[in-house]
Amino acid sequence: MDILIADDHDLVISGLIGALENAFNNASFSLAHDAAEVFRLLSQKRDYDIALVDLKMPGMDGFAFLRQLCDQYPELTVAVISGSDDSATIKKAISMGVSGFIPKSVSQDTLINAVALMLRGDIFLPTHILTREETNSSEDAPPPVDLQNAYEVLTDRQREILLLLGDGQSNK
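Every value quoted in this text rests on a predicted model; they were computed, and no experiment measured them.

### Structural notes on the confidence of the model for the chain
Right, so step 1: Residues at a pLDDT of 70 or more form 85% of the chain, whose mean pLDDT is 86.
Right, so step 2: For the chain, the element scoring lowest by mean pLDDT is helix H6 (residues 127-131), at 75; strand S1 (residues 2-6) scores highest, at 97.
Right, so step 3: Within the model, the stretch residues 133-139 combines pLDDT values under 50 with four contacts to residues more than four positions away or in other chains.

Here it is as structure tokens:
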């Protein structure tokens, strides 16, 4: 398994590697410390199983980085690893096509389960996003996701993958 980790903090990278290499014995890691390095690595190797990327890294605005990453590499499973875990940030990231949002505050077990879930083609969201009542009543705030109509919030690529999975295909 090939994992791309992108974060500008070496301590975070070391922690992610330590947690993931114990859970995924055959994992190999490529590391990037800024947005340019992520795109350089992806230009050399496109078949990473998953990319774990920090939202705020040097070299590019976080959401512009995510948009470019998801647009240029739609087949790549991208998960945001971030110190920010407010619902607006998470919803915006998911709307850009990422497969999950992992707050840096999660436990090692949650990290491992989240990665395994996304590798199966599912989307990972922090529990508080799924259970918390939205307290922002601003008219500009997006409505809470109605799980009955969750299909509608998926990107075209996510819908395509979901249909293929329903037909028994692999997410790769």
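### A word on helix H5 (residues 108-119)
Helical geometry: 3.6 residues make up each α-helical turn, so side chains three or four residues apart lie on a common side.
Right, so step 1: Under the 1.5 Å per step criterion, the end-to-end length of H5 is 17 Å for twelve residues, consistent within 8% with the ideal 16 Å.
Right, so step 2: Looking at the buried positions of H5, the neighbouring elements they touch are helix H1 (10-23), strand S3 (50-54), strand S4 (78-82) and strand S5 (100-103).
Right, so step 3: Backbone geometry just downstream of H5 places glycine 121 in the positive-phi region, at approximately 100°.

### Notes on the packing of aromatic side chains
Right, so step 1: Considering all chains together, one arrives at one aromatic pair under this definition.
Right, so step 2: Residues phenylalanine 39 and phenylalanine 65 carry aromatic rings whose centres are separated by 5.7 Å and whose planes lie at 75° to one another, so their mutual orientation is edge-to-face. Placement of the pair is phenylalanine 39 in helix H2 (residues 35-44) and phenylalanine 65 in helix H3 (residues 62-72), with a sequence separation of 26 residues.
Right, so step 3: For phenylalanine 39, a relative accessible area of 15% puts it in the buried group.
Right, so step 4: You can call phenylalanine 65 buried: its relative accessible area is 2%.
Right, so step 5: The lysine or arginine in question, lysine 45, covers the ring of tyrosine 48, its NZ or CZ lying 5.3 Å from the ring centre.
Right, so step 6: Note that lysine 92 overlies the ring of phenylalanine 63, its terminal NZ or CZ placed 4.4 Å from the centroid.

### Considerations on the pattern of salt bridges
Right, so step 1: Overall, the coordinates contain eight salt bridges when judged by the stated rule.
Right, so step 2: With a shortest N-O distance of 2.7 Å, lysine 45 and aspartate 47 are connected by a salt bridge.
Right, so step 3: Take aspartate 47: its relative accessible area is 53%, and that puts it in the exposed class.
Right, so step 4: Two residues, glutamate 75 and arginine 46, come together in a salt bridge whose shortest N-O distance is 3.5 Å. Placement of glutamate 75 in the loop between H3 and S4 and of arginine 46 in the loop between H2 and S3 is noted, with a sequence separation of 29 residues between them.

Conventions and cut-offs
- Residues numbered from 1 in each chain as written.
- Predicted model: local features only at pLDDT ≥ 70, side-chain atom pairs only at ≥ 80, totals over all residues.
- Heavy atoms only, no water.
- pLDDT = per-residue confidence, 0-100.
- Helix = DSSP H or I, 4+ residues; strand = E, 2+ residues; numbered from the N terminus.
- Contact = heavy atoms within 4.5 Å.
- Expected span 1.5 Å × (residues − 1).
- Phe/Tyr/Trp six-rings, centres within 6.5 Å; stacked < 30°, edge-to-face > 60°.
- Buried < 20%, exposed > 50% of the residue type's maximum accessible area, 1.4 Å probe, protein only.
- Lys NZ or Arg CZ within 6 Å of the ring centre and 35° of its normal.
- Salt bridge = Lys/Arg side-chain N within 4 Å of Asp/Glu carboxyl O.

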